[in-house]
Amino acid sequence: MNAPLVGQPIERIEDLRLLRGAGCFTDDIAAPDALAAVILRSPLAHGLITRLDTEAAQKLPGVVSIITARTIGMPVPTIPLRLAPLAELVPYEQPVIAQDRVRYVGEPIAMVVATSAAIAEDALDLIELEIAPLPAIVTNDDAAAAAALLFPDSGSNLCITYTARLGDAAQEFPGAIIVEDDFSTQRHTAATMETRGLLARWDAARGHLTVHGAAKAPWAGRRMLARQLGLDEFSIDMIAVDVGGGFGMRGEFYPEDFLVPFAARHLDRPVKWIEDRREHLLSANHAREFDAHLQLILSPAGDILAVRGRARCNLGAYMRANASIAPRNVAQFFSGPYRIPNIAIDTDVFLTNKTPTGTYRGPGRFETDFFRERLLDLAAERLGMDRVVLRRRNLITSAQMPHPIATVSAPVKAEELDSGDYAETLDRCLGAIGWDRLQPLRGQRINGRHHGVAVGCFIEGGAAGPSEHARLELGADGMVDVFVGSSMVGQGLETVLLQISADALGLPMERLRIFHGSTTYLRIGFGSFHSRSTVMGGTAILNAATTLKEAIRAAAGRRLNCAPDEVLLGAGTATNPSGAIVNWAELAADVPAAPGQFDNHTHTYAYGAHAAHVGVDIATGHVEIFD
Amino acid sequence: MPTLPIDCTVNGAATHLDVAPRTILADALRQDLGLTGTHVGCAHGSCGACTILLDGAAVRSCLMLAVQAAGHAITTIEGLSNPDALTPLQAAFRKHGALQCGFCTPGMIVTAHALLSANPDADADTIRDMLSGNLCRCTGYISIIEAVLDARAAYQEARA
Ligand code: FES
Ligand code: FES
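The numbering scheme is per chain: residues are counted from 1 as the chain's sequence reads. Think of it this way: whatever chain is written first is A, whatever ligand is written first is 1, and the rest follow in order. A pLDDT threshold of at least 70 governs which residues receive local features in this predicted model, and a stricter bar of 80 or more applies before side-chain atom pairs are shown or counted, although totals over entire chains, interfaces and linings include all residues. Excluding hydrogens and water, the side-chain values take into account all heavy atoms of the structure.

Chemist: Give a description of the overall build of chain B that names residues and reports values.
Modeler: Strands here mean DSSP runs of E at least two residues long; helices mean DSSP runs of H or I at least four residues long; both are numbered from the N terminus. Along its length, chain B carries five helices and five strands. Walking chain B from its N terminus toward its C terminus, one meets helices and strands in the order β-β-α-β-β-β-α-α-α-α. Considering only C-alpha atoms, chain B reaches an extent of 45 × 35 × 30 Å along its principal axes. Every residue pair with non-hydrogen atoms within 4.5 Å of one another is taken to be in contact. Sequence separation of at least 24 residues holds for 57% of the intrachain contacts in chain B that already meet a minimum separation of 6. As used throughout, the charge tally considers Lys and Arg to be positive and Asp and Glu to be negative, leaving His and the chain termini uncounted. Charge positions come from single atoms, namely NZ of Lys, CZ of Arg, CG of Asp or CD of Glu. Here chain B contributes 9 positively and 14 negatively charged side chains, and the mean placements of these two sets differ by 8 Å.

Chemist: I'd love a proper account of the overall build of chain A, names of residues and values included.
Modeler: Tallying secondary structure elements over chain A gives 16 helices and 31 strands in all. For chain A, whose C-alpha radius of gyration is 28 Å, the value lies close to the compact-globule estimate of 25 Å for 627 residues. Dimensions of chain A along its principal axes, counting C-alpha atoms only, are 80 × 70 × 50 Å. Split into buried and exposed, the 627 residues of chain A put 58% on the buried side. For this measure, only C-alpha atoms enter the radius of gyration; the expected value for a globule follows 2.2 Å times N^0.38, where N is the number of residues. In this scheme, a residue with accessible area under 20% of its type's maximum is buried, one over 50% is exposed, and one in between is partly exposed, where area comes from a 1.4 Å probe on protein chains only.

Chemist: Describe the sheet that holds strand β1 (residues 35–41) of chain A, with residues and values.
Modeler: Residues and elements named next belong to chain A. Two strands make a pair as long as DSSP finds a minimum of two bridges between them. Sheet architecture is open: seven strands sit in the order β3-β5-β1-β13-β10-β11-β12, paired in mixed fashion. If you trace the sheet from one side to the other, it starts and ends with β3 (63–67) and β12 (236–239), each paired once. The sheet shows a mean angle of 20 degrees between the axes of neighbouring strands, direction not considered. Pairing geometry for β3 and strand β5 (residues 108–114), over four bridges, is antiparallel. Directly across from Ile-66, in β5, lies its bridge partner Val-112. With respect to the sheet, helix α4 (residues 117–126) is in contact with β1, β3 and β5, its orientation differing from that of β1 by roughly 30 degrees. Orientation is described by lines fitted to C-alpha atoms, with helices fitted over the stretch in contact, and by angles between N-to-C directions that extend from 0 to 180 degrees. Sheet strands in contact with helix α6 (residues 218–229) are β11 (208–212) and β12, and its direction is about 145 degrees off that of β12.

Chemist: Break down the nonpolar core for me, with residues and values.
Modeler: In these notes, a set of buried Ala, Val, Leu, Ile, Met, Phe, Trp, Tyr and Cys residues joined through side-chain atoms within 4.5 Å is what counts as a nonpolar core. Counting 74 residues, the largest nonpolar core has A:Cys159, A:Leu296, A:Met319 and A:Phe334 as the members making the most contacts within it. With seven residues, helix α10 (residues 365–383) of chain A is the largest single contributor of residues to this core. Residues within four places of A:Leu296 in sequence aside, it is in contact with A:Ile177, A:Ile178, A:Val179, A:Ile304, A:Ala306, A:Val307, A:Phe334, A:Leu375, A:Leu376 and A:Ala379. Counting residues in hydrophobic clusters, the runner-up holds 43 residues, among them A:Ala190, B:Ala114, B:Leu115 and B:Ala147.

Chemist: Run through the packing of aromatic side chains, naming residues and quoting values.
Modeler: All names here are of chain A. The rule is short: rings of Phe, Tyr and Trp, with Trp giving its six-membered ring, pair when the centres are within 6.5 Å, and they are stacked under 30 degrees, edge-to-face over 60, tilted in between. Taken as a whole and assessed by the stated rule, the structure comprises 14 aromatic pairs over all chains. On the numbers, 5.6 Å between centres and 55 degrees between planes, the contact of Phe-333 with Tyr-605 is tilted. Highlighted residues: Phe-333 in the loop between α9 (325–332) and β17 (342–351) and Tyr-605 in strand β30 (residues 604–617), separated in sequence by 272 residues. Here the two residues Phe-333 and Tyr-605 agree in accessibility, since each one is buried.

Chemist: Go over the interface of chain B and chain A, please, and point to the residues and values.
Modeler: With 34 residues of chain B at the interface, the matching set in chain A holds 30 residues. Across the chain B to chain A interface the summed buried area is about 2,500 Å²; carbon plus sulfur atoms make up 54%. The largest per-residue losses of area from chain B upon contact with chain A belong to B:Arg94, B:Cys101 and B:Arg137, which jointly make up 31% of the total buried on that side. A carboxyl oxygen of Asp or Glu within 4 Å of a side-chain nitrogen of Lys or Arg is what we treat as a salt bridge. Its salt-bridge partner being A:Glu11, residue B:Arg94 comes within 3.5 Å of it at the nearest N-O pair. Side-chain atoms alone can form a polar contact between residues adjacent in sequence; in general such a contact is a pair of N or O atoms within 3.5 Å, and within protein one must be able to donate a hydrogen while the other accepts it. For the interface between chain B and chain A, the tally reads 15 residue pairs in polar contact (both at pLDDT 80 or more). Secondary-structure elements contributing two or more residues to the side of chain B that touches chain A are α2 (88–95) and α3 (105–118) of chain B. Note on terms: buried area is the combined drop in 1.4 Å-probe accessible area of two parts once they are placed together, counting the loss on both.

Chemist: Account for helix α15 (residues 533–560) of chain A, naming residues and giving values.
Modeler: The span you would expect from a helix comes to 1.5 Å times its residue count less one. An ideal rise of 1.5 Å per residue puts 40 Å on 28 residues; α15(A) measures up with 38 Å between its terminal C-alpha atoms. Where α15(A) terminates, the next one or two residues include A:Asn561, which has phi positive at roughly 55 degrees.

Chemist: So what's going on with the packing of α10(A) against helix α11 (residues 387–394) of chain A? Which residues, and what values?
Modeler: All names here are of chain A. Between α10 and α11, whose axes approach to 9 Å, the crossing angle comes to 115 degrees. One finds that α10 runs roughly perpendicular with respect to α11. Crossing handedness for the pair α10 and α11: right-handed. Taken together, the residues of α11 that come into contact with α10 (itself represented by Glu-373, Leu-376, Asp-377, Ala-379, Ala-380 and Leu-383) are Arg-387, Leu-390 and Arg-391. Looking at side-chain class alone, the contact of α10 with α11 contains five nonpolar, no polar and four charged residues. Throughout this description, any angle smaller than 35 degrees is read as roughly parallel, any larger than 145 degrees as roughly antiparallel, any in the 65 to 115 degree range as roughly perpendicular, and the remainder as oblique. In this scheme, a crossing is called left-handed if the near helix is turned counterclockwise away from the far one by less than a right angle; it is called right-handed if the turn is clockwise. Nonpolar residues are Ala, Val, Leu, Ile, Met, Phe, Trp, Tyr, Cys and Pro. Charged residues are Asp, Glu, Lys and Arg, and all others, Gly as well, are polar.

Chemist: A description of the sheet that holds strand β4 (residues 101–102) of chain A should follow, citing residues and the corresponding values.
Modeler: Residue and element names in this part refer to chain A. Spatially, three strands are ordered β4-β2-β6 in an open sheet, and the strand pairing comes out antiparallel. Sheet topology places β4 and β6 (128–133) at the edges, where each strand pairs with a single neighbour. Bridging between strand β2 (residues 47–53) and β6 involves six bridges; their strand directions are antiparallel. What sits directly across from Leu-48, in β6, is Ala-132.

Chemist: Give me the lowdown on the domain arrangement of chain B, citing residues and values where you can.
Modeler: All names here are of chain B. An automatic or database domain assignment provides the domain bounds reported here. Parsing chain B into structural domains produces domain 1 (4–80) and domain 2 (88–159). For domain 1 and domain 2, the distance between their C-alpha centres works out to 21 Å. On the domain 2 side, the residues contacting the 16 residues of domain 1 number 14 residues. Summed over the three residues of domain 1 that lose the most area to domain 2, namely His-39, Ile-77 and Leu-80, the buried surface amounts to 39% of that side. Summed over the shared surface of domain 1 and domain 2, the number is zero salt bridges. Here domain 1 and domain 2 share four residue pairs in polar contact (both at pLDDT 80 or more) between them. Among the elements of the structure, β3 (51–54) and β4 (57–60) are those that each provide at least two residues to the side of domain 1 that touches domain 2. Ranked by the residues each element gives to the side of domain 1 that touches domain 2, the list is headed by β3, at three residues. When its residues are assigned to classes, the side of domain 1 that touches domain 2 shows eight nonpolar, seven polar and one charged.

Chemist: Break down the environment of A:Ser335 for me, citing the residues and quoting the values.
Modeler: All names here are of chain A. Position of Ser-335 relative to the elements: it lies in the loop between α9 and β17. Considering only alpha carbons, one finds Ser-335 and Asp-348, 13 residues apart in sequence, at a separation of 18 Å. Every residue in contact with Ser-335, bar those within four places of it in the chain, is listed here: Ile-340, Ile-343, Arg-372 and Ile-405.

Chemist: Explain the pattern of salt bridges to me, using residue names and the numbers behind them.
Modeler: Residues and elements named next belong to chain A. Enumeration according to the criterion identifies 47 salt bridges over all chains in this entry. Across the pair Glu-252 and Arg-82 runs a salt bridge whose closest N-O atoms are separated by 2.6 Å. With Glu-252 in the loop between β12 and α7 (255–267) and Arg-82 in the loop between α3 (69–72) and β4, this pair connects stretches of sequence that are 170 residues apart. As far as burial versus exposure is concerned, Glu-252 and Arg-82 are alike and both buried.

Chemist: Mind laying out the packing of α2(B) against helix α5 (residues 142–159) of chain B, listing which residues take part and the relevant values?
Modeler: Residues and elements named next belong to chain B. Axis separation between α2 and α5 bottoms out at 8 Å; the angle between their running directions is 145 degrees. Considering the relative orientation of α2 and α5, their crossing is right-handed. Residues Pro-88, Leu-89, Ala-92, Phe-93 and Lys-95 of α2 form the contact with α5, whose participating residues are Ile-144, Ala-147, Val-148, Asp-150, Ala-151, Ala-154 and Tyr-155.

Chemist: How would you explain the environment of A:Leu150 if you had to name every residue and give the values?
Modeler: Residue and element names in this part refer to chain A. Looking at the secondary structure, you find Leu-150 in the loop between α5 (140–145) and β7 (158–166). Exposure remark for Leu-150: the relative accessible area of 0% places this residue in the buried category. Considering only alpha carbons, one finds Leu-150 and His-46, 104 residues apart in sequence, at a separation of 8.0 Å. Apart from the residues within four sequence positions on either side, Leu-150 is in contact with His-46, Arg-101, Arg-103, Ile-137, Asn-157, Ala-317, Leu-351, Thr-352 and Asn-353.

Chemist: Please give an account of the side chain of A:Glu107 that cites residues and values.
Modeler: Residues and elements named next belong to chain A. Tracing the sequence through the fold places Glu-107 in the loop between β4 and β5. From its side chain, Glu-107 meets the backbone nitrogen of Arg-103 in a polar contact 2.7 Å long. At 2.6 Å, the side chain of Glu-107 forms a polar contact with the side chain of Tyr-318. If sequence neighbours within four positions are ignored, Glu-107 has contacts with Leu-40, Arg-41, Ser-42, Gln-94, Pro-95, Ala-98, Arg-101, Val-102 and Tyr-318.

Okay, here's the thing in structure tokens:
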């Protein structure tokens, strides 16, 4: 057999279409019969809808329908939590369209469906909307002061408090040094280059819905949509096409994921919605707006004894499908790769009149890593210790693995760090940037820029979550078709999974085809998030490959009159001990499809260190990254 | 909505279109001609994904009305590609991992092609400057600059 493909730099197969502009993103799907949907969004952050008159808009030639909460029937469905659901969060779920109250700029109020997007946009201007404004809750302080309540029935803007606990951080630490400060991280959003989009078709005769533009977790989206529409799950196909960036934002269930399919069924016409950039910035998940007050408690020798404090998450207006993850992670992963025996961090999650938030690139970790690493720098200064020495002293060693981390309230699951050599990545990082060489530059002002050099260590979860599934099928043309639940979000999935498949089967990549991410390919599958596709989808494929090879050996044994374990498999061939040979293609009819599954419910943690050398222009605030 | 007739050249072929006066060129290319390789990332002139060649110059097709294309020669990513082999720029992008999701890629390639056609010796700063109007959320740009630098050789040879 040739050298394994896994581990080799391979030119990606998806590039061949993407480089030629021949990919197929959602808006590229030809659908001349489709109506276009555009959405009337709230121009106000908080208010009560006092008038919504669609009559004039409805009369515009080309307008087919204007869908409001009334069309859907009140109360309209809400979007459930996909991850870490809790009964107490249900009241804060987002309704698929505003009913009587709007809670953020961008919240859908009506959807116009017309023969073209241009006409639908003209119609938006004709809808008469009046909103009686309520005080807008913008900051966490506003939310706590509660000049207005987003959900008056709940009596507070505090949606939930997550607590992370390990040991006893409340105890006295005699003689210890306490370093404390306030921190904050600003809002970010994914701003993928391709905005969101959907194309839904309803087949009335079959009672069947097809939704193009699914991504990330199509099976979960299908389950939610089926429940909301009162359909059987298997009456809905979610089809994934090329995706112009995911970053955690895309593929969660948003209001439009209900509205567009609803409209297609309601009107019995295909409906396409392509988000524009302005709507994307207003309505796709935001992330990372946190503040915190934290205390790090250390022995005079520099051993971290405890951390305690409070973080606050500016959640935005609703608890969206994956919104619980970042506030949980901020509390749970504060300790990162360090030994912190006593932890008490609470995260208050505040509802505000801003765009709702969700996961985005290492949710919660970006925030809490900054809080921690900054505290460590402050502590080093206070102790008069070198920043690297302080970090190295407190990194968990491989001998101390597995090492428990804080447990977060609701839903409770004990977690531990499984393995790793954290000091090694720190040392390699310092070596790579030339840490010692850069130290004299620290704090210097050169050509108007103040130079800064810093290093931080982190861990990052991945490769876990719900089971992933795959199926391999040997065709009469000798090709093996690989079906997998992992979905493509622009990360090169096809090449990676074909490398794995090719190695597992001993076939060249050209003999394999990959089909991924659409619910039509597998009865159950899951998807791509939490850095999981290579491990979860890849291992499901490995397991399926083992089954397929057994089936090929059995079929070849029958054909070649030998025992299955005497069959020697080559690249598309099977040979018996006396040298008789049969091609896989000839065995296809006798080789059943091979399913594979992989489960890993134990979280595992990758790790690393990051150093940077930057220059800040004090006059303009401009930051230049030197290294 | 009344339409206006326009005649132009698209990827070398004489093309007639009847378009509403308010239709932007990007929509006409994508919807009327099915040339979906030209991507619309913002429709506001900010991202460069919709870049095409208008008489050889890189322009944003979202900032032009289709009717303004009358009498002009348009080249899209499809016109810069062929089914048999990747072009030098495409091959360099592939080699350097200069794309992930690929949504920005057609705009990058078209812009880089305009630059290297005019200036095959463009240095890294010039390339960076020319591509500064094209946004990419996946790659971090370094690999894109490396790919364009690498593709220069083919353009230099073509000139010679
Ligand atoms: S779509 Fe034209 S510049 Fe973004
Ligand atoms: S490759 Fe995804 S935006 Fe550039």
